[in-house]
Amino acid sequence: DDGGIEYYNTIVVQPHLKLVTNQGRGFHVRCKYSTRNNNISIVSDDPRADRLSADPSAELAPMPGCTMKIFSGDPSEKAVAESVKIGDPLTLVISIDAQDTYGLRITDCLVRDGLGWGEQKLINDEGCPVDKEIMGMFEYSEDKTKASVHFQAHKFPYTASVYYQCNVKLCLKADNGCAAVTPPKCGANRLRRQANTDSSEGTPATIEVYSGLYVNEANDLAKAGIDEDSVYSEKTPEDSICISQRSFAIGICIAGLILMLAVIAAILCLLASRRRKKTTSHTGSSIYSGPYTNTAYSHSS
């Protein structure tokens, strides 16, 4: 509201590259500066330039404030996207302050992972989309002060944080100067006038804008309210049954325990049979084995 722009981020510094230790430190960095009340002055060293014919409204016009926001769904609901899921509809809106001097053109948009490992370009230096499946063409308002584009949430596979960066190039509305560059002419039939205008007018004023959010993996089971450990079956051509990993692990443990008890029982039976063979007496041919009868001392009455 006061015309300032604030950027903030949390930076965690760890001394080890692969391990997280208690020696790490976190820093919350916030930077704020004002973008309004900055006058633009035209200085020319060419003695042939007629300073009296310069447009005073263009010389003293203040730089407009510029913002970039990412909304969930329709931007009219003003729901700023902070944490979304892959495939959720989003709208990226870039706007400058409403005034009659400057218009805008969006160029060089890209998305970064926030870790410095990867980035993907979305809009090229002419303001045209690189891959329409990821992000399409910006739609500009009639007064050339706002541009928006609809796209679906995407992320890098190894992190949930995504950061967007775009360049906002200003054009002068006087003498219909923005009509040649805003909106840009994309495709094979791009007008040569746009390319000539970009090179002849010199380097336009450029403002860099940033925004970020968190994109999480979509979980269909969580949306349906199905428990992670629940058992469910699905008909397949082989009539296979699907069970959860926890139930499968418990079944393997029970089967292993039963097999171990069976092996111990078999070993005990084998040892018991060997002991019985050792303690059993064997019948021999000794004179002391079995009953003995001496007829000489027998007496019958």
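Residues numbered from 1 in each chain as written. Predicted model: local features only at pLDDT ≥ 70, side-chain atom pairs only at ≥ 80, totals over all residues. Heavy atoms only, no water.

Undergrad: Describe the sheet that holds strand E7 (residues 119–123), listing the residues and the values that go with them.
TA: Spatially, E4-E11-E10-E6-E7 is the arrangement adopted by the 5 strands of the open sheet, whose pairing is mixed. With partners counted over all chains shown, the strands left at the sheet margins are strand E4 (83–85) and E7, one partner each. Direction aside, neighbouring strands of the sheet carry axes that sit 35° apart on average. Sheet analysis places strand E10 (residues 161–172) next to strand E11 (residues 206–216), joined by 9 bridges and oriented antiparallel. Bridging across to E11, Ser161 finds its partner in Tyr214. (Pairing = 2+ DSSP bridges. Helix = DSSP H or I, 4+ residues; strand = E, 2+ residues; numbered from the N terminus. Axes fitted to C-alpha atoms, helices over the stretch in contact; angles between N-to-C directions.)

Undergrad: I'd like a description of the packing of aromatic side chains, backed by residues and values.
TA: Under the definition given, this model contains 3 aromatic pairs. Ring plane angle 45° and centroid distance 5.5 Å describe the contact between Trp117 and Tyr158, whose orientation is recorded as tilted. Of this pair, Trp117 sits in the loop between strand E6 (102–112) and E7 while Tyr158 sits in the loop between strand E9 (146–152) and E10, placing them 41 residues apart in sequence. Considering the side-chain rings of Phe156 and Tyr158, the 6.1 Å spacing of their centres and the 35° angle between planes classify their relative orientation as tilted. With a relative accessible area of 14%, Phe156 lands in the buried category. Among the aromatic residues, those joined into a ring-pair cluster are Trp117, Phe156 and Tyr158. (Phe/Tyr/Trp six-rings, centres within 6.5 Å; stacked < 30°, edge-to-face > 60°. Buried < 20%, exposed > 50% of the residue type's maximum accessible area, 1.4 Å probe, protein only.)

Undergrad: Which residues make up the pattern of salt bridges, and what values do they have?
TA: What the rule picks out here adds up to 3 salt bridges. Among the ionic pairs, Glu119 bridges to Arg112, the shortest N-O distance being 3.1 Å. Owing to a relative accessible area of 48%, Glu119 belongs among the partly exposed residues under this scheme. (Salt bridge = Lys/Arg side-chain N within 4 Å of Asp/Glu carboxyl O.)

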